[in-house]
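# Structural description and commentary
Given next are the chains, with one letter for each unit.
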Amino acid sequence: MLETLVQGVLLGGLYTLFALGQSLMFGVMRLTNTAQGDFIILGAFAVVAGVSVLGNAPWAVALVALAVLPVAFGFGWLLQRHVLNGTLGKDPLPSLVVTFGLSIVIQNLLLETFSADPRAIETGGLATRGIALGEGFSVGMLPLVVLAIALAATGALQWLFARTALGRSFRAVSDDREIAELMGLDAKKVYAFATALAFVLIAVAGTLQGMRTTVSPSDGPLLLLFAFEAVIIGGMGSFWGTLAGAMILGIAQQVGFRLDPGWGIWFGHIVFLAVLVFRPQGLFPKTRG
Amino acid sequence: MTALLTTHGLKAFYGDAQALFGIDFSLGRGELVAIIGANGAGKSTFLKSLTGLVRAPLDAIRFKGEPIGGLPPGNIVRRGLAMVPEGRRLFASLSVEENLLMGATPARKGSWNLQRLYALFPILAEKRRQPGTSLSGGQQQMVALGRALMSNPEVLLCDELSLGLAPIVIREIYAAMPAITGEGMTVVIVEQDVTMARQVSQRIYCFQEGRVSLEGRSGELTREQVSQAYFGIGAEAAHA
């Protein structure tokens, strides 16, 4: 039982990273990015492509993984400024349709460029190394690294939102865009910053997903589903809530796997649906004054 | 005295409906001017068009001689025109102090800062870490007023400071006006409370159905003139 819980928490760490970018973009501009999963896969393939050029020595992989982060930041900025800002308004439909379209475009671009073969990012044995926690019970080194990164990213985002001037402007445009602009904020710039940050998180998630398992061009929608479920279970608007939602989803899936190898993902959906029915605002909605 | 802010034949629309039908308005440096009028007379739309929240033709509004009509709100506030919006509209997820700091976004030079605001409204210093929207209506109005002052404006536009507040709280808010106008701040207040408007202002504009129906020195206007301008043709009926 303990092992199932530990594995669930480790899986939850990965789901946290899938979901943080989604949570960030929704929190700041009420935009649901339905291409979230595909962007994660795109991030993974960006690293795969970089590694195929530089070779898969550990230093080369690390270099590529780091180099992708500023590229993702710039990509997110440009995407928001030139595409997504035009879709924002009282009606949520345009942004849904546009990101859904992006999802299809990305899947087909990846398929065209990389074929349907699953790829993985070489980690120099990190993915197979484990730490023994007891008799017949060990946890993987890579999942522990993923969990640590997820906790650090969540803490950093929460700090950014609560304590910095940038975070204050994120919350202000989210509360009342018109008044924020009256105070001299440029909401479109603030949005671009939010999406740029979300894309850094997306790149991190993609890289780690590619290291942990294989990625193929059609994987995106499933990752989007996990991200979505984590955000909804946790309650929109709080990053610790997103982390908790991801943990709950991870544990539910592991419990399901334990009961029957075919039940894992299904069990996660059941928990998600139960939360939607009994607590639609999520478990930890942001408390407002 | 050359005018600091003028509008000339300002027309504006609120949604599809025309709200302003050619407003001529002028404001001298250091003045405190009140705009009165019934609900729907166009007072709020007028302030919103001055601050860029409602579209206006570029040349219809001039600030320090430059046309500013229809410029983005951020541009206008950086030039020195700040507004306390109707209904206060504090940022719900920001604390009192964070709300005030948002007002300092344009980073204009001047004497208004957190310290000075806390001296003017000591209760805000006490509650600075609380969510802005958890305060009483009067205290929220102080935050909204302070937030606008934090941009160190040359002209402060106040939309219905007294809205929904008890008379004693309204007097408390207006008691802060001398401290604000003392250093030569130019102020426009939109006010439904005509008595209060006449007391604190030097000049009054009365709006009626999107037009200026009366304009004059606050002390020289008679009660009859004001109610005629306020209610229009039906004034006698309204008195009956």
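Quick caveat, the model's predicted, so the values are computed rather than measured.

### Some words on the overall build of chain A
For chain A, the count of helices and strands is 11 helices and 2 strands. For chain A, the succession of helices and strands along the chain, N to C, is α-α-α-α-β-β-α-α-α-α-α-α-α. Taken over C-alpha atoms, the radius of gyration comes to 19 Å for chain A, in line with the 19 Å a tight globule of 289 residues would show. For chain A, buried positions account for 49% of its 289 residues.

### Topic: the overall build of chain B
Secondary structure summary: chain B contains 11 helices and 10 strands in total. What you see for chain B is a C-alpha radius of gyration of 17 Å, in line with the 18 Å of a compact globule of 240 residues. By principal-axis analysis of the C-alpha atoms, chain B measures approximately 50 × 40 × 35 Å. Counting all 240 residues of chain B, 47% fall into the buried class. Of the contacts made within chain B by residues no fewer than 6 positions apart, 65% connect residues no fewer than 24 positions apart.

### Quick word on helix 4 (residues 93-114) of chain A
Residue and element names in this part refer to chain A. For helix 4, with 22 residues, the first-to-last C-alpha span of 31 Å sits near the 32 Å given by 1.5 Å per residue. Taken together, the buried positions of helix 4 are occupied by Ser95, Thr99, Ser103, Gln107 and Leu110. Along the axis of helix 4, the buried positions cluster into a sector of 110°, meaning they face one direction only. Counted as exposed and oriented over 90 degrees from the buried face of helix 4: Leu93, Val97, Gly101, Ile104, Val105, Asn108 and Glu112. Check the buried side of helix 4 and you find it contacts helix 2 (36-54) and helix 9 (220-234). Positive phi shows up at Ser115, right after helix 4, with a value of about 65°.

### A word on the pairing of strand 2 (residues 137-140) of chain A
Residue and element names in this part refer to chain A. Here 4 bridges tie strand 1 (residues 130-134) to strand 2, and the two strands are oriented antiparallel to one another. Considered in strand 2, the bridge of Gly134 is made with Phe137. Adjacent in sequence and paired antiparallel, strand 1 and strand 2 are bridged by 2 residues, among which Gly136 carries a positive phi angle near 65°.

### Describing the sheet that holds strand 8 (residues 186-190) of chain B
All names here are of chain B. If you trace the 6 strands from one edge of the open sheet to the other, you get 6-7-8-3-9-10, paired in mixed fashion. Each edge of the sheet is formed by a strand with only one pairing partner; in this case those strands are strand 6 (81-84) and strand 10 (211-217). Adjacent strand axes in the sheet meet at a mean angle of 15°, parallel and antiparallel pairs treated alike. The sheet contact formed by strand 3 (residues 32-37) and strand 8 spans 4 bridges and is parallel.

### Some words on the environment of B:Ala166
For B:Ala166, the location among the structural elements is in the loop between strand 7 (155-159) and helix 7 (167-174). Spatially, the C-alpha atoms of B:Ala166 and B:Gly138 are 8.3 Å apart, while their sequence positions differ by 28 residues.

### What about the nonpolar core?
In terms of nonpolar packing, the biggest core is built from 157 residues, with A:Leu17, A:Phe18, A:Ala194, A:Leu201, A:Ala230 and B:Leu157 touching the most fellow members. If you tally residues by element for this core, the top one is helix 8 (residues 187-212) of chain A, at 17 residues.

### Describing the environment of B:His8
All names here are of chain B. Within the secondary structure, His8 sits in strand 1 (residues 3-14). Sequence separation between His8 and Asp159 is 151 residues, and the spatial gap between their C-alpha atoms is 21 Å. Residues contacting His8, with those up to four places away along its chain left out, are Asp24 and Ala60.

### Considerations on unusual backbone geometry
Of note, the phi angle at A:Ser115 is positive, near 65°, even though the residue is not glycine. Tracing the chain through its elements places A:Ser115 in the loop between helix 4 and strand 1. With a phi close to 55°, B:Ala107 is a non-glycine residue in the positive phi region. Relative to the elements of secondary structure, B:Ala107 occurs in the loop between helix 3 (96-103) and helix 4 (114-120). What makes B:Ala107 exposed here is the crowd of 9 C-beta atoms within 10 Å.

Reading the values: the criteria
Residues numbered from 1 in each chain as written. Chains lettered and ligands numbered in written order. Predicted model: local features only at pLDDT ≥ 70, side-chain atom pairs only at ≥ 80, totals over all residues. Helix = DSSP H or I, 4+ residues; strand = E, 2+ residues; numbered from the N terminus. Rg over C-alpha atoms; globule rule 2.2 N^0.38 Å. Buried ≥ 20, exposed ≤ 12 C-beta atoms within 10 Å, placed from the backbone. Contact = placed C-beta atoms within 7 Å. Expected span 1.5 Å × (residues − 1). Arc of directions from axis to C-beta. Pairing = 2+ DSSP bridges. Axes fitted to C-alpha atoms, helices over the stretch in contact; angles between N-to-C directions. Core = buried A, V, L, I, M, F, W, Y, C linked by C-beta atoms within 7 Å.

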